[in-house]
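# Observations on the three-dimensional arrangement
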Amino acid sequence: VCNSSPPVEEIESVIDIFKATDGDGWLHPWPVDPIVENNNPCDYWYGVSCNPVDNNTCHVVGISLQNNSLAGTIPESIGGLSCMRSLYLSENRLIGTIPRSMGNLSQLTIFEAFGNQLSGSIPSTVGNLSQLQTLLLNENRLTRSVPDTICQLTQLIELELQTNRLTGSIPQRIGEAKSLQFLSLDENELTGSIPFSIGKLVQLKRLTMTRNHLFGSIPSSIGNLSSLEELILIDNYLSGTIPDTMGNLIQLGAIEMFSNRLEGSIPSSIYNLVHLRDLQLNYNFLTGSISSSIANLSSLTFFVLDNNQLTGSIPLCLTNLRRLQFLQLCNNHLSGTIPSNLGYLDKLVILYL
């Protein structure tokens, strides 16, 4: 609780946000007085949090203005809020670029600005935010490459950049962001291969890179991601074989890698992933047969391998997969008879053979 006003430069920075984003049109506007000296944003202004920081001086430490009809740009003067720890600007109508001065917010732990119309590049100064744990910039119009400086953010837990217009390759040093648990890069225009260093992200739980232009093979180092629960690499140009090391990912619940150019057989190690619920490898160039070891995956609800070049017969043991809802094996080179006991799969919704 603050008993005084924050420094004048912080008051000015807060008022600049109001002016630059059509504050009078907000759902919850601030009571801004034309005379700066009469304003105190720490006096219960909507979404503004203040705390005494050093020498009991009151400082603005948080601004929460998500879904508040902000329309305009983020002012460069936001960099004057040097004690700010959280900034929520999501689901508004913000345009323009993310100011380079954001790099001055050295105490910032959370920056969320998804669901706007922000454009331009992610400033390299974001690498100065050494305390940052959450960076959500998805669903904007951001362009150019992911700055290499993001790899310096060793406290970063969640990085969401999906549904933008990002180009270039994934930074080769991405593995240095060692605290990452959630990495989403879907629906951009990223090219190049998946960096080998991604195997250093041993705390990663979700990795999604759907609908980009990624090519090359899936690095064997992906087998080091022992905490991974979801691996979603749909609709790219990934080629080569599925690495055998993927069988090390014992926490994995979902593998979705359809619509790529993967070849070779499904590695036998995949059948050791007993928590797997979702296995979708359709629309690739996979060969070989479906192993009877598929019976190990008793939690499987999605088993989707259609539109490959698989041979052999449909294993009788598929009926052990009693939770199966989607079974798609059509458009392969399978032979033999259809197992009559498939009728025991009473949860089945889709069956394409």
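Residues numbered from 1 in each chain as written. Predicted model: local features only at pLDDT ≥ 70, side-chain atom pairs only at ≥ 80, totals over all residues. Heavy atoms only, no water.

Attention now goes to the state of the cysteines. Per the stated rule, a full pass over the model turns up 1 disulfide. Here Cys-42 connects covalently by a disulfide to Cys-50, the sulfurs 2.0 Å from one another. In this structure the cystine formed by Cys-42 and Cys-50 twists about its S-S bond by roughly -85 degrees; its chirality is therefore left-handed. Judged by its relative accessible area of 18%, Cys-42 is buried. (Disulfide = S-S within 2.5 Å. Buried < 20%, exposed > 50% of the residue type's maximum accessible area, 1.4 Å probe, protein only.)

Let us now look at the pairing of strand E17 (residues 261–264). Each regular strand displays side chains that alternate between the two surfaces of the sheet. Along E17, the buried face is formed by Leu-262 and Gly-264; none of Arg-261 and Glu-263, which line the opposite face, is buried. Summarising the sheet, strand E15 (residues 237–241) and E17 pair through 3 bridges and their orientation is parallel. Bridging from a neighbouring strand, Gly-240 pairs with Leu-262 of E17. With 2 bridges joining them, E17 and strand E19 (residues 285–286) adopt parallel strand pairing. Paired with Gly-264 across the two strands is Leu-286, which belongs to E19. (Helix = DSSP H or I, 4+ residues; strand = E, 2+ residues; numbered from the N terminus. Pairing = 2+ DSSP bridges.)

Once that is clear, we can look at helix H1 (residues 8–20). If you check H1, its first and last C-alpha atoms are 18 Å apart, about what 13 residues at 1.5 Å a residue would give, namely 18 Å. Inspection of H1 places Glu-10, Ile-11, Ser-13, Val-14, Ile-15, Ile-17 and Phe-18 among the buried residues, and these make up the whole buried set. Looking at the residues trailing H1, positive phi occurs at Asp-22, about 55 degrees. (Expected span 1.5 Å × (residues − 1).)

Taken in spatial order, the 4 strands of this open sheet run E13-E15-E17-E19, and their pairing is parallel. The open sheet terminates on both sides in strands that have one partner only, identified here as strand E13 (215–217) and E19.

Another aspect to go through is the nonpolar core. Core analysis: the biggest nonpolar cluster contains 95 residues, and Phe-111, Met-209, Met-246, Ile-255, Met-257 and Phe-303 have the highest contact counts within it. When residues of this core are traced back to their parent elements, those giving at least two are H1, strand E1 (48–52) and strand E2 (58–64). Those residues in contact with Met-257 that lie beyond four places of it in its chain are Ile-218, Leu-231, Leu-233, Ile-242, Met-246, Leu-262, Gln-280, Leu-281 and Asn-284. (Core = buried A, V, L, I, M, F, W, Y, C linked by side-chain atoms within 4.5 Å. Contact = heavy atoms within 4.5 Å.)

Assignment of secondary structure puts Asn-212 in the loop between strand E12 (206–208) and E13. By relative accessible area, Asn-212 is classed as buried at 3%. A polar contact of 3.4 Å, which involves the side chain of Asn-212, links it to the backbone nitrogen of Glu-189. Of note is the side chain of Asn-212, whose polar atom sits 3.2 Å from the backbone oxygen of Met-209. Apart from the residues lying within four places of it in its own chain, the contact partners of Asn-212 are Leu-185, Asp-186, Glu-187, Asn-188, Glu-189, Leu-190, Asp-235, Asn-236 and Tyr-237. (Polar contact = N/O pair within 3.5 Å; in protein donor to acceptor, adjacent residues only side chain to side chain.)

We now examine a nonpolar patch on the surface. On the surface, a cluster of nonpolar side chains totalling about 270 Å² of accessible area is made up of Ile-338, Leu-351 and Leu-353. Mapped onto the elements of the fold, Ile-338 is located in the loop between strand E21 (326–328) and strand E22 (350–352). (Patch = residues over 30% accessible without salt bridge, like charges linked within 9 Å, V, L, I, M, F, W, Y side chains within 5 Å. Areas by Shrake-Rupley, 256 points an atom, 1.4 Å probe, with all protein chains shown as cover. Salt bridge = Lys/Arg side-chain N within 4 Å of Asp/Glu carboxyl O.)

This brings us to the environment of Leu-249. Topologically, Leu-249 is positioned in the loop between E15 and strand E16 (254–256). Leave out the neighbours within four places in its chain, and Leu-249 touches Ile-222, Gly-223, Leu-225, Ser-226, Leu-228 and Leu-273.

Looking now at the pattern of salt bridges. Side chains bearing opposite charge may pair, as long as their charged atoms lie close to each other. What the rule picks out here adds up to 5 salt bridges. For the salt bridge of Arg-206 with Glu-160, the shortest nitrogen-to-oxygen distance reads 2.5 Å. Placement of Arg-206 in strand E12 and of Glu-160 in strand E10 (residues 158–160) is noted, with a sequence separation of 46 residues between them. Residue Glu-176 pairs with Arg-173 through a salt bridge whose shortest N-O separation is 2.6 Å. Residue Glu-176 is classed as partly exposed on the basis of its relative accessible area, which comes to 37%. On the accessibility criterion, Arg-173 (28% relative accessible area) is partly exposed. Within the structure, one salt-bridge network assembled from shared partners comprises Asp-148, Arg-173 and Glu-176.

Any link to function would need more than the numbers given here.
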